[in-house]
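For reference, the chains in residue letters:
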Amino acid sequence: MSAEDLTLDLRWSRPGFTLRVDTVIPAQGVTGVFGASGSGKTSLLRLIAGFETSGAGVIRLGGTDWSKTGGGNSLPPHKRRIGYVTQHADLFEHLDVRGNLDFAARRSGLPVDRQDGIIEALELDTLLGRRTGQLSGGEKQRVALARALMSDPKLLMLDEPLSALDRGRRQKLIAYIRNSLAGFPGPVLYVSHDLDEMLALTDRVLLLEHGSIRYQGDTSDGLSNYLVQTDQGEQAAGVLSGQIEAHDHGLALSRVAIAGGVIYLPDLLDRPPGAPVRLRIAARDVILARNEPQGLSIRNRLKATITAIDADLAPAFCLVRLQLAGGTGLTARLTRAAVQELSLEPGDPVLALIKTASLASL
Amino acid sequence: MSAEWESIFLSLRLAGLVTVMLLVIATPLAWWLARSRDPLRPVVEALTALPLVLPPTVLGFYLLILLNPQSPIGSFWREWTGGSLTFSFAGLVVASIVYSLPFAVQPLQTAFASVGRGQLEAATSLGAGPLDRFLHIVIPHSIRGYITAAVLSFSHTLGEFGIVLMMGGSIPGETRVVSIALFEAVETLDYDTAHTLAAGLILFAFVTLLAVFALNRRFPVHVR
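What you are looking at is a predicted structure, and each value in this text was computed from that prediction instead of being measured. (Residues numbered from 1 in each chain as written. Chains lettered and ligands numbered in written order. Predicted model: local features only at pLDDT ≥ 70, side-chain atom pairs only at ≥ 80, totals over all residues. Heavy atoms only, no water.)

**Quick notes on the sheet that holds strand β12 (residues 253-258) of chain A**
All names here are of chain A. Here is the rule we go by: At least two bridges found by DSSP between two strands is the condition for calling them paired. Strands here mean DSSP runs of E at least two residues long; helices mean DSSP runs of H or I at least four residues long; both are numbered from the N terminus. Simply put, an axis is a line fit to the C-alpha atoms, just over the touching stretch for a helix, and the angle between two N-to-C directions goes from 0 to 180 degrees.
Overall, antiparallel pairing links the four strands, which are arranged β13-β12-β11-β14 in an open sheet. If you trace the sheet from one side to the other, it starts and ends with β13 (261-266) and β14 (276-282), each paired once. Ignoring strand direction, the axes of neighbouring strands in this sheet form an average angle of 45°. Taken together, the seven bridges between strand β11 (residues 237-248) and β14 define a ladder with antiparallel strand orientation. Across the sheet, residue Gly 242 finds its bridge partner in β14, namely Val 277.

**Digging into the sheet that holds strand β15 (residues 286-289) of chain A**
All names here are of chain A. Strand order in the open sheet formed by five strands is β15-β19-β16-β17-β18, with antiparallel pairing between adjacent strands. Since the sheet does not close on itself, it has two edges, and those belong to β15 and β18 (329-335), each with one partner. The mean angle between the axes of side-by-side strands here comes to 45°, regardless of whether they run parallel or antiparallel. Where strand β17 (residues 317-324) lies against β18, seven bridges are found, and the strand directions are antiparallel. Each residue of the ladder has a partner; that of Leu 322, found in β18, is Leu 330.

**A few points about the nonpolar core**
Residues and elements named next belong to chain A. Basically, it comes down to this: Put simply, buried Ala, Val, Leu, Ile, Met, Phe, Trp, Tyr and Cys residues joined by side-chain atoms within 4.5 Å make one nonpolar core. Any residue under 20% of the maximum accessible area for its type is buried, any over 50% is exposed, and the rest in between are partly exposed; the area is computed with a 1.4 Å probe on protein chains only. In what follows, residue pairs with any heavy atoms lying within 4.5 Å of each other are defined as contacts.
Grouped together as the largest cluster of nonpolar side chains are 87 residues, with contacts concentrated most on Leu 101, Leu 158 and Ile 177. Beyond its immediate chain neighbours, meaning those up to four positions away, Leu 158 contacts Leu 45, Val 85, Leu 145, Ile 177, Leu 181, Val 188, Leu 189, Tyr 190 and Val 191. Core analysis: the second largest hydrophobic core is formed by 28 residues, Ile 263, Leu 302, Val 320 and Leu 344 among them.

**Regarding the domain arrangement of chain A**
All names here are of chain A. Heads up, the rule is: Delimitation of the domains relies on an automatic or database domain assignment. Two parts placed together each lose some accessible area; with a 1.4 Å probe, that loss summed over both constitutes the buried area. Definition used for salt bridges: Asp or Glu carboxyl oxygen within 4 Å of a side-chain nitrogen of Lys or Arg. Here a polar contact means two N or O atoms within 3.5 Å. Within protein one must be a hydrogen donor candidate and the other an acceptor candidate, and residues neighboring in sequence count only if both atoms are side-chain atoms. All residues other than Ala, Val, Leu, Ile, Met, Phe, Trp, Tyr, Cys, Pro, Asp, Glu, Lys and Arg, Gly among them, are scored as polar; the first ten of these are nonpolar and the last four charged.
Along its sequence, chain A is organised into domain 1 (6-230) and domain 2 (233-358). Centre-to-centre separation of domain 1 and domain 2, based on C-alpha positions: 33 Å. Around 900 Å² of area is buried between domain 1 and domain 2 when both sides are counted, 47% of it from carbon and sulfur atoms. Joining domain 1 to domain 2, the criterion identifies zero salt bridges. Linking domain 1 with domain 2 are two residue pairs in polar contact (both at pLDDT 80 or more), by the criterion used here. Looking at the side of domain 1 that touches domain 2, the elements with two or more residues in it are α6 (195-201) and α7 (219-230). For the side of domain 1 that touches domain 2, the element with the highest residue contribution is α7, accounting for five residues. A breakdown of the residues in the side of domain 1 that touches domain 2 according to their chemical character gives five nonpolar, four polar and three charged.

**Some points on the side chain of Thr 219 of chain A**
All names here are of chain A. Position of Thr 219 among the secondary structure elements: in helix α7. Accessibility expressed as a relative area gives 0% for Thr 219, which makes it buried. Within the structure, Thr 219 has its side chain in polar contact with the backbone nitrogen of Arg 204 (distance 3.2 Å). In this view, Thr 219 contacts Met 198, Leu 199, Thr 202, Asp 203, Arg 204, Val 205 and Arg 278; residues no more than four positions away in its chain are not counted.

**Quick word on the interface of chain A and chain B**
Contact residues are listed per partner, giving 17 residues for chain A and 21 residues for chain B. Sorting the residues of chain A by area buried against chain B places His 78, Glu 93 and His 94 of chain A first, and these three jointly supply 35% of that buried surface. Connecting chain A to chain B are two salt bridges. Across the pair Glu 121 of chain B and Arg 46 of chain A runs a salt bridge whose closest N-O atoms are separated by 2.8 Å. At the boundary of chain A and chain B, one finds six residue pairs in polar contact (both at pLDDT 80 or more). Secondary-structure elements contributing two or more residues to the side of chain A that touches chain B are β6 (82-85), α2 (97-108) and α4 (137-150) of chain A. Element by element, the count of residues in the side of chain A that touches chain B is highest for α2 of chain A, at three residues. Its residues assigned to classes, the side of chain A that touches chain B comprises nine nonpolar, three polar and five charged.

This is the structure:
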């Protein structure tokens, strides 16, 4: 445990809801807080920020206990040094972009060169003179993130920063957020109910259910388990993690090594070789073959073993659980007719074919 | 200086002083009314709004009872300053503050209530304490509310009549404000003076309102 870890031991009740969280958020890496709406994600962040009170427990960052300072009072929220970005961005409407950033920088005394670094990283140079009402949703979130970083926080919390944006803008903003979070020295909490965001941005995950921690640990493992437990029908999916090995700029594809194989992915050219990549693969995009097929356009072929064949919600389908050579789990959604025709049984070796177009890179 | 000018300057002095004092008094009151969940809030809200519905003579009557030199407040004032709170300029200031209070409080309360919780929490997380937030988020956000409160307080004080008659009488240079001077001019059939005062007030009111509406266009409403 490093000096600046965030230690939480919280109990907070509202009519019909109790939040009970006892964990340590490490200073290294990004911790996702994942769960359905109403699971307590936002309440947890608001308790840490000090915006919700009347909870009992411990909030300790490094050696400082925020919940009890001298005199038995908790540390006032404005002294906690938290960068807090919400889905509404909450920019100050009476100030322009520069004014919003200065509001934070003046109070933190952040050196000018570090201010410039933040503005450059989030590409805000051309927006500085704009009024906040003239910004698009994605620009607002970039300003909000920059403003939070300008306050030189010890802890960063992002609460669904992408949820007000459409799909295309999300992908762009994810890259900005990933870069900004990569160098952040303290704990980072990233709240979302979107699996793809979690996989793209977080290293660890806290899975909240009805105010309690269901799982905490590595994001891939945690979300794979979550998917296995919740998946049915169209929801069924698996998660693969890998590392970029090389780019083929001519074909605009990247070679990604995963445990037990290699796959080719589009849309990764802007990331360096060695960078980690995670994928969510929907079960309906996985095809099984008994033998190496000929004359087929699908390029991503992975050796796997069938571990189980489960029933699906739809009577015509079933979920074939696979284990890849490297031990990773994957699910294929096939018709029962296909399973009978190939006479697939647990223990059989198969080839899992994954269509490249279905692999949205995260 | 002619008697008309004397009463005009007296009115402007009274309205100006009352407006400044009201903005100072109404700011914390309006903030409390806009934010508090205290069960006493509706009571205070109703008390603040009373001058809107009561005839000025009712207020004037009770203020006369409350502030006369034999009353505790009046005698304290007399010991402290040597003056009286009835039939004096100081008394008019106190009476006008009570009378115009809702005109300052209500626009401010509306403006304060419209400051988004998100903006205040953002300022908090960026290191701004309560006073800092009030000065740098709430007040800039509420400029239109302040303009409205100032204009309404000023013009309402300028136009009051009944309460002045009850509390102040008509002492030249002390309590003989424009509305009283106008009333006396009409009573004595001095229509020239009455016209000057009445037309002057109309012109003044129009120019003030015009200036305010022009100014307001420069401050966009922040809708959340």
